[in-house]
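This is what each chain is made of:
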Amino acid sequence: LSSADPARSERAVQVVAHRGSSEALPEHTLAAYRRALAEGADALECDVRLTRDGQLVCVHDRTIARVSDGGRRVVSALTLAELEAYDFGSWKPGGDDTERADPERRSVLRLESLLELVADCGRRVDLAIETKHPVRYRGRVEAELLKALERFGVKGAAAGDEGDPDRPHARLMSFSGVALGRLRDAAPEFPRVYLFERSLPLRLWPGAGLPAAAAIAGPGIELVRRQPELVTRLRAAGHRVHVWTVDRPEDVELCLELGVEAIITNRPRAVLDRLGR
Ligand code: G3P
Ligand code: CA
């Protein structure tokens, strides 16, 4: 399972805060992302959805039931103003006194606020942005996302890529080959990550290939645990590998042994501690 030079890949591995520092604070809130930056995360992961009035917000699920007091309302059926009336933070206790009092802990997060945070944070922090519901809007999520990235001068780069120290950088992710194809056609400069959870589709297995629209593989950790050789094969075929969501210490060790390029975790500080960073 060893990579050619484990010490080198350990130094280089990018630690990505999944929905912010989301073990500690409510996911996808500005407070959780501020915490991830303070903890030293190299990159921030987020999911984006479109509101009824065409605004990009960072919410994972189709409805807001799990992460707010808004019940089973559907994100895409609400306007941004309607979403802003709900409390997205109180469902999850935790944080210090300042974080508990922070109104940004309770607000739904607009993608633009996250882009501002990264643009102003004073160091290079990458974004790993996942588009949700690619079918419903037939490309509108992707189109709005690319417009927002352009407005903020975000450049395309992935873990390990050179970049401009004064600009934010992003890679784009999806479970949908269709969404990735749209992103490739509209903005080929942004690296794309093909996410998969249970298995790599069978027809792709023999060559450990990926859909043509993505160069980076994004397997879930449960699959990596079951089939670590998949990572070896993907890397041998020239793909970088970004694994999610890696929270258990033994899973961090496995990812390091395999030499993956990015570890996506709800506990960025714990992974950075393991790396001595
Ligand atoms: O970073 C990829 C990972 O977030 C994909 O799964 O369900 O957490 O969006 P999910
Ligand atoms: Ca995600």
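Here the structure is shown first, and the text comes after it.
All figures in this text were calculated on a predicted structure; none of them were measured in a lab.

1. Points about the site of ligand 1
Okay, step 1: In the neighbourhood of ligand 1, the contacting residues comprise His18, Glu45, Asp47, His60, Glu130, Leu195, Gly218, Trp244, Thr245 and Ile264.
Okay, step 2: The residue makeup of the shell around ligand 1, split by class, is three nonpolar, four polar and three charged.

2. A few points about the pairing of strand S10 (residues 262–265)
Okay, step 1: The alternating pattern of S10 places Ala262 and Ile264 on one face and Ile263 and Thr265 on the opposite face, and all of these are buried.
Okay, step 2: Bridge analysis of strand S1 (residues 14–18) against S10 gives four bridges, and the strand direction is parallel. Bridged to Gln14 within S10 is Ala262.
Okay, step 3: Sheet topology places strand S9 (residues 240–243) next to S10; two bridges connect them, and they run parallel. In the sheet register, His242 faces S10, and the bridge partner there is Ala262.
Okay, step 4: Taking the sense of rotation as the criterion, the β-α-β connection linking S9, helix H10 (residues 249–258) and S10 turns out right-handed.

3. Observations regarding the pairing of strand S4 (residues 126–131)
Okay, step 1: Across the six residues of S4, six count as buried, placing the element largely inside the fold.
Okay, step 2: Strand direction decides the pairing type here: strand S2 (residues 43–50) and S4, joined by six bridges, are parallel. Within S4, the position partnered with Ala43 by the bridge is Asp126.
Okay, step 3: Bridge count for S4 against strand S6 (residues 169–174) is five bridges, and the pairing is parallel.

4. A look at the environment of Leu146
Okay, step 1: With respect to the helices, strands and loops of the structure, Leu146 is situated in helix H6 (residues 140–151).
Okay, step 2: In this structure, the C-alpha to C-alpha distance between Leu146 and Cys121, residues 25 residues apart in sequence, is 21 Å.

5. So, H6
Okay, step 1: Between its first and last C-alpha atoms H6 spans 16 Å; for 12 residues at 1.5 Å apiece the expected length is 16 Å, and the two agree.
Okay, step 2: Tucked inside the fold, the buried residues of H6 contact S2, strand S3 (56–57), helix H5 (111–119), S4, S6 and helix H7 (177–186).
Okay, step 3: Downstream of H6 by a residue or two, Gly153 has a phi angle that is positive, lying close to 65 degrees.

What counts and what doesn't
- Residues numbered from 1 in each chain as written.
- Chains lettered and ligands numbered in written order.
- Predicted model: local features only at pLDDT ≥ 70, side-chain atom pairs only at ≥ 80, totals over all residues.
- Near = placed C-beta within 6 Å.
- Nonpolar A, V, L, I, M, F, W, Y, C, P; charged D, E, K, R; others polar.
- Buried ≥ 20, exposed ≤ 12 C-beta atoms within 10 Å, placed from the backbone.
- Helix = DSSP H or I, 4+ residues; strand = E, 2+ residues; numbered from the N terminus.
- Pairing = 2+ DSSP bridges.
- Right-handed = clockwise from strand over helix to strand, strands pointing away.
- Expected span 1.5 Å × (residues − 1).
- Contact = placed C-beta atoms within 7 Å.

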